[in-house]
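Summary of the model geometry
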Amino acid sequence: MRFSVALLVALALAHAWTSAAQGLRRPDADLPATSELDNGGTSAQQLGSALRPLSDTFVATRNGQLTDGQEFASPPPGEFVGDEWARYHNHDEMVRLLQDVVNNSNGACTLDELDPPSVEGRVLYAVVASPRNPAGGAVLPRPSFTWIGNMHGDETANRELLLRLAAGLCNGELADSDARWKALQGSTTVRIIPTMNPDGYERRTRWNANKVDLNRNFWSVEYPYAKPTLDQARKRDRYGATMYPAADMWSKVGNFTLQPEAVAVSRYLAAAPPDLSANLHGGALVANYPLDACDSVGALTNCPTAEEPLPRQLAAAYAVHNPNMSAQGTAPFRAGTVQGAAWYPVLGSMQDWVYHHLDRLMLTLELHEVKDPPATALDDLWGQNSAAFLRIMELAGMGLRGRVLDQQTRAPLAATITVTSPASSRPADADAARGGYFYKPMAPGVSYDITVQPYRPNGGAIKYLPIQLKGLRLGVAADRVTAEGSAVTGAALRIERTLLATRAPAANKKKKMLRATM
Ligand SMILES: [Zn+2]
């Protein structure tokens, strides 16, 4: 795991969490500049031009009226219609709801507090729904799925969907309704962070309280590409590119400054990397799969990960279970899916960070075309997404899951897992501190040759022979085939193995010393 909590803490402390937001070019960098997507009766384009002359403290409310964002400190009065799931919860109401949900879960759920809190001191929470029978004879960690909502504070409905999901998992209602939900809860650890941006939600702004776009801020955590120079950013500007990821980064200086919400979530994800995760948004209807960028300036280009076709299949698996989403087929959308950088490149996105630094896949799911829909729309949105929620969680841990143990002592070992075929697929690591557990995503229908090289995390004289796994293959069956593609299903979604590492014959010490002194 190429991730250092100590580094994060040091970075977090080193930076003052302030920023200067100037010259905002696009009111909504999540949308292509030409988007005609509906936004509360006003197209995004109309909203964009209406917003341009105003200062960035002005935000659009759900009916397209302009409101002073600074004075818009609390959400509008709840549109309470007598049903918990037909209303919006402000932060305090959300916290009470989460505590109630966990307290009434009969031990099925716990509540994690992420650290640090938001800029304004609001705690980020994660509801953890663990299998009701955690022992159950399982030798591997459970497959795990993590949901993150409301990263952009003005994209609200997905947060309510996650509250409803948390309640349904914790109170047993979903498990009682359907055998598949029950099986999911018996097998998979689900973590739900309903809001990553509580300050932005209270203001109904995209940014956090420092006016930083959190889905550009993961560049500051760790990132594989060099930051563009100011000249490079301006050059893109001057030549009239329609996308300005680099210029955006520079115009909002704070995007280079690590924000507490990004610290909290990246730290939480890194502590127990989920096998699969989703980052929820609004403003479009599409399942976006990584990567969002494959160079330092954010070229508009197809930029898939080395794990294709799996990420595209996972996105398709979500979309086919949400018919409104899978109907989105105007290029670059394909049956409700889109490759991130081919839609619009984003530098410093969370899904790219998860891939580069946790060796895991995250999808960015845009669940509602209206960013802040009326509360009366929430129940319909739940109906459109609940089957897809279930399906994508069932696919957590798809591929090879295993653990590596010393054959003699059964002590967990570290290991490097390399894929010799297909050659493009990236290596993974077994973590001795997590029981020697490793997870290597595999695409169905593809044959994998994998070499596991065990080792002792602290070095030492004992060496191990490599373990070869040849011709591993997941079965394929389509959930539903469309003209554009199919989603994956079937029983053989995971191959699970306990690997016993054989010690290599001890080296001849005399010979070694002789060589060393020659
Ligand atoms: Zn968004």
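Below, the structure is looked at part by part. (Residues numbered from 1 in each chain as written. Predicted model: local features only at pLDDT ≥ 70, side-chain atom pairs only at ≥ 80, totals over all residues. Heavy atoms only, no water.)

With that settled, the discussion passes to the overall build of the protein. Looking only at helices and strands, the protein has 16 helices and 21 strands in total. The long-range share in the protein, meaning contacts at least 24 apart out of those at least 6 apart in sequence, stands at 75%. (Helix = DSSP H or I, 4+ residues; strand = E, 2+ residues; numbered from the N terminus. Contact = heavy atoms within 4.5 Å.)

Attention now moves to the sheet that holds strand S11 (residues 337–339). In spatial order, the strands read S5-S6-S8-S7-S9-S12-S10-S11; together these eight strands make up an open sheet with mixed pairing. Only two strands of the sheet have a single neighbouring strand rather than two, namely strand S5 (109–113) and S11. On average, each strand axis in the sheet is tilted by 20° relative to the strand beside it, whichever way the strands run. The sheet contact formed by strand S7 (residues 144–148) and strand S8 (residues 189–193) spans five bridges and is parallel. Bridged to threonine 146 within S8 is arginine 191. Running at roughly 175° to S7, helix H10 (residues 260–271) makes contact with S5, strand S6 (125–129), S7, S8 and strand S12 (361–366) of the sheet. Across the sheet, helix H15 (residues 378–394) is in contact with S7, S8, strand S9 (276–281) and S12; its angle to S7 comes to roughly 135°. (Pairing = 2+ DSSP bridges. Axes fitted to C-alpha atoms, helices over the stretch in contact; angles between N-to-C directions.)

Right, let's get into the pairing of strand S13 (residues 399–406). Most of S13 sits out of view: seven of its eight residues are buried. For S13 and strand S21 (residues 494–501), the ladder comprises eight bridges, and the chain directions are parallel. Paired with glycine 399 across the two strands is arginine 494, which belongs to S21. (Buried < 20%, exposed > 50% of the residue type's maximum accessible area, 1.4 Å probe, protein only.)

The next point concerns the environment of alanine 86. Here alanine 86 is to be found in the loop between strand S4 (66–68) and helix H3 (91–103). Through-space distance from the C-alpha of alanine 86 to that of aspartate 380 is 9.7 Å; in sequence the pair is 294 residues apart.

The next subject is the environment of arginine 122. With respect to the element layout, arginine 122 can be found in the loop between S5 and S6. Here the alpha-carbon distance between arginine 122 and aspartate 92, two residues 30 residues apart in the chain, equals 9.4 Å. Those residues in contact with arginine 122 that sit more than four places away from it in its chain are His91, Pro117, Pro198, Asp199 and Glu202. Within the structure, the side chain of arginine 122 is placed 2.8 Å from the side chain of glutamate 120, a separation counted as a polar contact. (Polar contact = N/O pair within 3.5 Å; in protein donor to acceptor, adjacent residues only side chain to side chain.)

Our next topic: the nonpolar core. Counting 89 residues, the largest nonpolar core has Trp147, Leu165 and Phe389 as the members making the most contacts within it. Two domains share this core, each providing at least three of its residues, namely domain 1 (5–74 + 85–129 + 143–394) and domain 2 (400–501). Residues contacting phenylalanine 389, with those up to four places away along its chain left out, are Trp147, Leu161, Leu162, Leu165, Trp181, Leu280, Tyr318, Leu367 and Trp382. (Core = buried A, V, L, I, M, F, W, Y, C linked by side-chain atoms within 4.5 Å. Domains from an automatic or database assignment.)

A few words now on the pattern of salt bridges. Here the structure, examined in full by the defined rule, presents 22 salt bridges. Of the charged contacts, one joins arginine 267 and aspartate 115 as a salt bridge, the two residues approaching to 2.9 Å between their closest N and O atoms. Here the residue arginine 267 occupies a position in helix H10, and aspartate 115 occupies one in the loop between S5 and S6, the gap between them amounting to 152 residues. For arginine 267, a relative accessible area of 17% corresponds to the buried category. Take aspartate 115: its relative accessible area is 47%, and that puts it in the partly exposed class. (Salt bridge = Lys/Arg side-chain N within 4 Å of Asp/Glu carboxyl O.)

To continue, consider the packing of aromatic side chains. Geometry of an aromatic ring pair is reported as the spacing of the ring centres plus the angle between the planes. Counted according to the given criterion, the structure contains seven aromatic pairs. Residues phenylalanine 145 and tryptophan 147 carry aromatic rings whose centres are separated by 4.6 Å and whose planes lie at 45° to one another, so their mutual orientation is tilted. Taken individually, phenylalanine 145 and tryptophan 147 each receive the classification buried, so the pair is uniform in this respect. With centroids separated by 5.6 Å and ring planes inclined at 55°, the aromatic side chains of phenylalanine 218 and tryptophan 353 adopt a geometry described as tilted. In this pair, phenylalanine 218 sits in the loop between helix H7 (198–203) and helix H8 (230–238) while tryptophan 353 sits in helix H14 (residues 350–358), placing the two residues 135 residues apart along the sequence. A relative accessible area of 0% means that phenylalanine 218 is categorised as buried. Residue classification places tryptophan 353 among the buried residues on the basis of a relative accessible area of 0%. Ring pairs connect the aromatic residues Phe145, Trp147, Tyr318, Trp382 and Phe389, which therefore count as one cluster. One Lys or Arg, arginine 204, reaches over the ring of tyrosine 88 and ends 5.6 Å from the middle of that ring. (Phe/Tyr/Trp six-rings, centres within 6.5 Å; stacked < 30°, edge-to-face > 60°. Lys NZ or Arg CZ within 6 Å of the ring centre and 35° of its normal.)

Summarising burial for H14: nine of the nine residues are buried, a large majority. Regarding H14, the residues found buried are Met350, Gln351, Asp352, Trp353, Val354, Tyr355, His356, His357 and Leu358. Here the buried face of H14 lies against S7, H10, S9, strand S10 (286–289) and S12.

To continue, consider helix H6 (residues 179–187). All of the buried residues along H6 are Trp181, Leu184 and Gln185. The buried residues of H6 occupy an angular sector of 95° when the element is viewed end-on, so they sit on one face. Within H6, the exposed residues directed more than 90 degrees away from the buried face are Ala179 and Lys182. Taken together, the buried residues of H6 touch helix H4 (157–170), helix H5 (173–177) and H15. The N-cap of H6, judged by a side-chain oxygen 2.6 Å from the amide nitrogen of arginine 180 a few residues on, is aspartate 178. (Arc of directions from axis to C-beta.)

A word on the packing of H3 against H4. Two numbers describe how H3 lies on H4: the axes approach to 10 Å, and their chain directions differ by 15°. Relative to H4, the element H3 lies roughly parallel. In this structure, the crossing between H3 and H4 has a hand that is left-handed. Each of His91, Met94, Leu97, Leu98 and Val101 in H3 lies in contact with H4, whose residues at this interface are Arg159, Leu163, Ala166, Ala167 and Cys170. (Parallel < 35°, antiparallel > 145°, perpendicular 65-115°, else oblique. Left-handed = near helix turned anticlockwise from the far one by under 90°.)

Pairing geometry for strand S14 (residues 414–421) and strand S17 (residues 448–455), over seven bridges, is antiparallel. Bridging from a neighbouring strand, threonine 418 pairs with threonine 451 of S17.

Attention now goes to the sheet that holds strand S16 (residues 437–441). Taken in spatial order, the three strands make up an open sheet running S16-S13-S21, and their pairing is mixed. At either margin of the open sheet sits one strand with a lone partner, and together these are S16 and S21. Going from strand to strand, the sheet's axes swing by 20° on average, the running direction of each strand aside.

Tracing the sequence through the fold places threonine 420 in strand S14. Of the residues examined, threonine 420 reaches a relative accessible area of 49% and is grouped as partly exposed. The contacts of threonine 420, once residues within four sequence positions are left out, are Asp449, Ile450 and Thr451.

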